[in-house]
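What follows is the residue order along each chain.
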Protein chains: 2
Amino acid sequence: MHIISTFARAAAREVFATMLNIEVAANETEDDIAKPPIEISGVSGGVSFTGKMTGILYLNLTDGLAKAAANRILGDDPNRPADEVNDVVGELTNMVTGNLKSKMADRGFNCALSIPTVLRGLKVSVDNLQSPLSLTSSFNVPEINETLNICIFARLEE
Amino acid sequence: MHIISTFARAAAREVFATMLNIEVAANETEDDIAKPPIEISGVSGGVSFTGKMTGILYLNLTDGLAKAAANRILGDDPNRPADEVNDVVGELTNMVTGNLKSKMADRGFNCALSIPTVLRGLKVSVDNLQSPLSLTSSFNVPEINETLNICIFARLEE
């Protein structure tokens, strides 16, 4: 498994445990090397990075997980507006990417983060043709029976 | 109109004229200030930037315009694979963002570009809640009766 995937999986576990008190478990038997395009549904945050590590991390939540995450942070609201959910997903993506950035910086791959954007849509295809690394990780969220995915396109500079 | 919109519109005109020999005309009467989320369809390239200007630029082409652009660069092919079209859209987005980066650097707002990604989907909603600037520009492409859109989320640091 690529070191970026190892760090990204740890980042997701740490952020979801700390911020949401939700356990997410990576499917460690799945290969992390993906062949784009990658299809995402639900609510996805995206944060880009540039530097010794350049690329983008998408944190892809099912609708149910995104709503549950918003309820954990903002309090229960059955009529939660979509923009509040988007804000929480954007911030979670920021924190997971920031955690990955910190871990990669310790290995000498410093980078700067861009601002988070949030995509929603059914079957959005995300393609990337210029980065050598396309990595995916899927997670189960047993407590609420939802799933989480991370998709990373990246290039490392020695 | 924000200086970023002025520069982005010039960048699109220059890149489409130089690379594709296609004239694109911005709808100058439309306000460039957008209220996210913004809905995009067709084929969209996205390139992020970090530095004195931080954010992301989406270049959103109709399917017809994306195919026409690929035919101009790669030669006519009625059975063009989607990945080749994506590659051309990603590269055009890279060039438009690079042109904007260069113009903004002349004003003191240096930034580094990330790698392009390409999104496809019907009615993909793109939201951003952490950047003060949300800017859109729409263009007509009279020669082939298609449209082009640019969506930029950005933050400037003085």
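Residues numbered from 1 in each chain as written. Chains lettered and ligands numbered in written order. Predicted model: local features only at pLDDT ≥ 70, side-chain atom pairs only at ≥ 80, totals over all residues. Heavy atoms only, no water.

## Side note on the interface of chain B and chain A
In this assembly, 35 residues from chain B lie in contact with 34 residues from chain A. Summing the contributions of chain B and of chain A, the shared interface buries around 2600 Å²; its carbon and sulfur component is 54%. Area buried by chain B at its contact with chain A is led by I115(B), L129(B) and Q130(B), which between them contribute 23% of it. In this structure, the connection of chain B to chain A is made through zero salt bridges. Of all elements in the fold, only β2 (38-51), β3 (53-61), α3 (82-106), β4 (111-113), β5 (117-127) and β7 (146-156) of chain B reach the threshold of two or more residues within the side of chain B that touches chain A. A per-class count over the side of chain B that touches chain A returns 14 nonpolar, 14 polar and seven charged. (Contact = heavy atoms within 4.5 Å. Buried area = accessible area lost by both parts, 1.4 Å probe. Salt bridge = Lys/Arg side-chain N within 4 Å of Asp/Glu carboxyl O. Helix = DSSP H or I, 4+ residues; strand = E, 2+ residues; numbered from the N terminus. Nonpolar A, V, L, I, M, F, W, Y, C, P; charged D, E, K, R; others polar.)

## Structural notes on the relation of the copies chain B and chain A
With an RMSD of 0.0 Å, chain B superimposes on chain A once it is rotated by 180° and translated 0.0 Å along the axis. Taken together, the rotation and translation describe the operation of a two-fold axis. Within chain B, the C-alpha atom positioned nearest to the axis of rotation is that of S48(B), 3.1 Å from it. Comparing interface residues between copies, 97% of those in chain B also lie at the interface in chain A; the contact surface is shared. (Least-squares fit on C-alpha atoms with pLDDT ≥ 70 in both.)

## So, the packing of helix α1 (residues 3-20) of chain A against helix α3 (residues 82-106) of chain A
Residue and element names in this part refer to chain A. α3 packs onto α1 with a crossing angle of 135° between their chain directions and a minimal axis gap of 8 Å. On the basis of their axis angle, the class for α1 and α3 is oblique. Every pair of crossing elements has a handedness; the one defined by α1 and α3 is right-handed. Of the residues in α3, those in contact with I4, F7, A8, A10, A11, A12, E14, V15, F16, M19 and L20 of α1 are L92, M95, V96, N99, L100, K103 and M104. Taken together, the residues of the contact of α1 with α3 sort by class into 15 nonpolar, one polar and two charged. (Axes fitted to C-alpha atoms, helices over the stretch in contact; angles between N-to-C directions. Parallel < 35°, antiparallel > 145°, perpendicular 65-115°, else oblique. Left-handed = near helix turned anticlockwise from the far one by under 90°.)

## A word on empty space enclosed by the protein
Summed over all chains, the structure comprises three cavities of 30 Å³ or more. Volume-wise, the largest cavity comes out at about 40 Å³. Forming the boundary of the largest cavity are N86(A), D87(A), G90(A), E91(A), P116(A), T117(A), V118(A), D127(B), N128(B), L129(B) and Q130(B). Secondary structure elements with two or more residues in the lining of the largest cavity: α3 and β5 (117-127) of chain A. Per-element tally for the lining of the largest cavity: the top contributor is α3(A), with four residues. (1 Å grid on protein atoms, 1.4 Å probe; cavity = no way out; pocket = protein on both sides within 12 Å on 5 of 7 lines; lining within 4 Å. Points joined across faces, edges and corners; volume = space filled by probe spheres on them.)

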